[in-house]
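One-letter residues, chain by chain:
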Amino acid sequence: MGYQGNFRVWRGDEDGGGLEDFTVEVNEGEVVLDVIHRLQATQAGDLAVRWNCKAGKCGSCSAEINGRPRLLCMTRMSTFTEGETITITPMRTFPIIRDLVTDVSFNYTKAREIPSFKPPKDLAPGEYRMQQIDVERSQEFRKCIECFLCQDTCHVIRDHEENKEAFAGPRFLMRVAELEMHPLDEGGRTVAAQETHGLGLCNITKCCSEVCPEHIKITDNALIPMKERVADRKYDPVVWLGNKIFRRQS
Amino acid sequence: MRAQISERTLRTDRWWLSPLLTVAGLGLISVYAAIRTFMNDYYWVSEYHYLTPMYSPCLSAECVPAASHFGQPLPELPGFLTPPIFIIPFLLGFRITCYYYRKAYYRAAWMSPPACAVAEPHKTYTGETKAPLIAQNLHRYFFYAASLLLLVNIYDAITAFVGEKGFGIGLGNIILLVNVGLLAAYTASCHSCRHIMGGKLKHFSKHPVRYWMWQKISKLNAKHMQLAWASLIFVCLTDLYIALVASGVIGDLRIVN
C-alpha cells in the first residue's frame, strides 16, 4: 500500500545550499532512487542525481541516506517506518557539483597513481598460466563496482581534507593489494603502499568494509594483509635478516 | 568545495551505543585486572593445583613455591610490584596491538572516528605513521610471546588434573580447559598468525600445507572480534573462580575425586 513519505533532500551547489523538505508518494517494493525519480517528475524537475543501472552494479547513485553512505538504488523503502523523515545528502568527502551529484575525479587521479600490472619479462600476453587458488584472493577485489562509498566514509579523508594528497583511500589500497597478491605481478608494491599510497594513515576502523555494497572484506583481506607485508619489509628485522641470509627476493 | 552541511552527522540510529559499550567493557575489565594484579593473593589453589592464568608463569621469589611450575629465577619484587608484572606487558601488548582491539579503542576511546560517517573531534590526523602508533607494526612479536604464554597456560590446565589427593576432575579443571581453548582460538585467529602461516605467500599452489593452514585460520579470523571478547571475559571469569575457591568463599564443585 502506498503512503505519503517525508523526505529532506540537500539541494544546492558550491555556492551554498541546504536541506529542503518534500512529501512524496511511496509505493510497496520501492527503493530510495524510485522516490527521488518521483520527486524529479512531480515537484523538483531540476533535481540533479547521478544514476544508471538501478541494480547495484554500476556504482553511480552513491549518496548518504540518514547520514549513512549507501546506494540509492539498493536501499529499500521498507527498511524505514512510514512516519520517519528520510534525509538524503550528497557524499560529503567529494566536491559538490549540484544537489546529489559530486565530483569524484579525486578517485580517478588516485587510480592513475598506481602502476599497472607488471608481468614477468619473459612472458608474452597469452602465455600467462596461473592456478585458480593463486588468483582467487585477488578476484574478491575485482567485485568492486567503484561506487566510492568506501572512499566517502573513510575518516582519513572525510574528516581531514589535507590527507587527500598522501592517501589513496581504501578502494585504491585494495587495488594495490590485488596486484601485490597477483601470482604473476612483479611490481614490488609493498613499500609503495606505505610510502606513496599512505597505507600507514589507515587505522583499520573498518568503515570501508561496513559500507561496501559488494560486501568485500576490504580491511581483513586487503588492508591488513598489506599492513603485514609492509611490516615484513620495513619493521621486521627477523624477516629482513632471513631474506639476506637465504638470498630470498622479498 | 564540499556540500555545506553543518551537522556533525545525520545518522539517526544509535551509533553511540557500540563505542559506549566498548569503553564500558574494556574499562571494567581493566579495573578488575588491575585489582587482581596488585592483590598478589588467592591465585593458587593448593588442594587442586589450580593456578590463575593472570599469574602464570609465576617466576619471582615471592610466588607460592608450588605455583611456580617453571622455578623462581627472578628475585623478590620491591614495593607494590607483583609477579604478573613480568607477563602483563606481553599479554597487554598482544591485545593492544591486535587489529580488532585497535579498531575498538580507536573508535570508542579516541573517537577516530566514533562511528562510520560521524565526524571525529580531532583537527589533525596522522594515523599509524608516527610514534607511538607506528609501534602497532610490532604486533607479530607480541603474537610470538602470547603463543609461548599460551603453551604455559595449557601446561597449567593439564597439570591441574593432579592435585594433592592425586588425579581428579572439578569444575575448576573444566573452566581452565575452556579458558585455554578460547585463548588458543583467539591467538590462532590473529591477523599476524594468518599472514605468517600463509597469507604472505604469492603462490598458494606451491605450498599446499601452508595454504590449508591459511584457509583454516581465515575461517577463525572471521570470528576474531567474538573470540577477542570471549577470551578476554573468560580469563577474568577463570581468575574470579580461582580467587573465590582459593580464598575459601566457595568450594570447588568436584566431579571425580
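Residues numbered from 1 in each chain as written. Chains lettered and ligands numbered in written order. Predicted model: local features only at pLDDT ≥ 70, side-chain atom pairs only at ≥ 80, totals over all residues. Heavy atoms only, no water.

(A) Representation of the pattern of salt bridges. By the definition in use, this model includes 30 salt bridges over all chains. A:Arg171 is paired through a salt bridge with A:Glu146; the nearest N and O atoms lie 2.6 Å apart. Separated by 25 residues along the polypeptide, A:Arg171 in helix H6 (residues 170-180) and A:Glu146 in the loop between helix H3 (132-141) and helix H4 (149-153) bring together distant segments of the chain. A salt bridge links A:Asp232 to B:Arg140; the shortest N-O distance between them is 2.4 Å. With A:Asp232 in helix H9 (residues 218-235) and B:Arg140 in helix H4 (residues 139-159), this pair bridges two chains. Residue classification places A:Asp232 among the buried positions, given a relative accessible area of 9%. For B:Arg140, a relative accessible area of 2% corresponds to the buried category. Where salt bridges share partners, they join A:Arg11, A:Asp46, A:Arg98 and A:Asp99 into one cluster. (Salt bridge = Lys/Arg side-chain N within 4 Å of Asp/Glu carboxyl O. Helix = DSSP H or I, 4+ residues; strand = E, 2+ residues; numbered from the N terminus. Buried < 20%, exposed > 50% of the residue type's maximum accessible area, 1.4 Å probe, protein only.)

(B) Up close: the nonpolar core. Judged by nonpolar contacts, the single largest core of 67 residues is most densely connected at A:Phe7, A:Val9, A:Leu72, A:Met77 and A:Ile88. At 7 residues, H9(A) tops the list of elements feeding residues into this core. Two domains share this core, each providing at least three of its residues, namely domain 1 (3-102) and domain 2 (105-245) of chain A. If sequence neighbours within four positions are ignored, A:Val9 has contacts with A:Gly18, A:Leu19, A:Glu20, A:Phe22, A:Ile36, A:Leu39, A:Leu47, A:Ile88 and A:Leu100. Judged by nonpolar contacts, the second largest core, of 29 residues, contains B:Cys63, B:Tyr101, B:Ala146 and B:Ala185. (Core = buried A, V, L, I, M, F, W, Y, C linked by side-chain atoms within 4.5 Å. Domains from an automatic or database assignment. Contact = heavy atoms within 4.5 Å.)

(C) Just the interface of chain B and chain A, in detail. In this assembly, 52 residues from chain B lie in contact with 64 residues from chain A. At the boundary of chain B with chain A, total buried surface from both sides reaches about 4,800 Å², with 49% on carbon and sulfur atoms. Our enumeration of links across chain B and chain A arrives at 7 salt bridges. Among the elements of the structure, helix H3 (99-108), H4, helix H6 (191-199) and helix H7 (208-221) of chain B are those that each provide at least two residues to the side of chain B that touches chain A. In the side of chain B that touches chain A, the residues fall into 20 nonpolar, 17 polar and 15 charged. (Buried area = accessible area lost by both parts, 1.4 Å probe. Nonpolar A, V, L, I, M, F, W, Y, C, P; charged D, E, K, R; others polar.)

(D) Just the domain arrangement of chain A, in detail. Residue and element names in this part refer to chain A. Domain annotation of chain A identifies domain 1 (3-102) and domain 2 (105-245). Inter-centroid distance (C-alpha atoms) of domain 1 to domain 2 is 31 Å. Taken together, the two surfaces of domain 1 and domain 2 that pack against each other cover about 1,200 Å², and 55% of this comes from carbon and sulfur. By the criterion of area lost to domain 2, the three top residues of domain 1 are Pro 69, Thr 93 and Phe 94, representing 48% of everything that side buries. For the pair domain 1 and domain 2, the interface holds 2 salt bridges. Listing elements by their share of the side of domain 1 that touches domain 2, those giving two or more residues are strand S3 (62-65) and strand S4 (68-71). The residue inventory of the side of domain 1 that touches domain 2, partitioned by class, reads 7 nonpolar, 4 polar and 4 charged.

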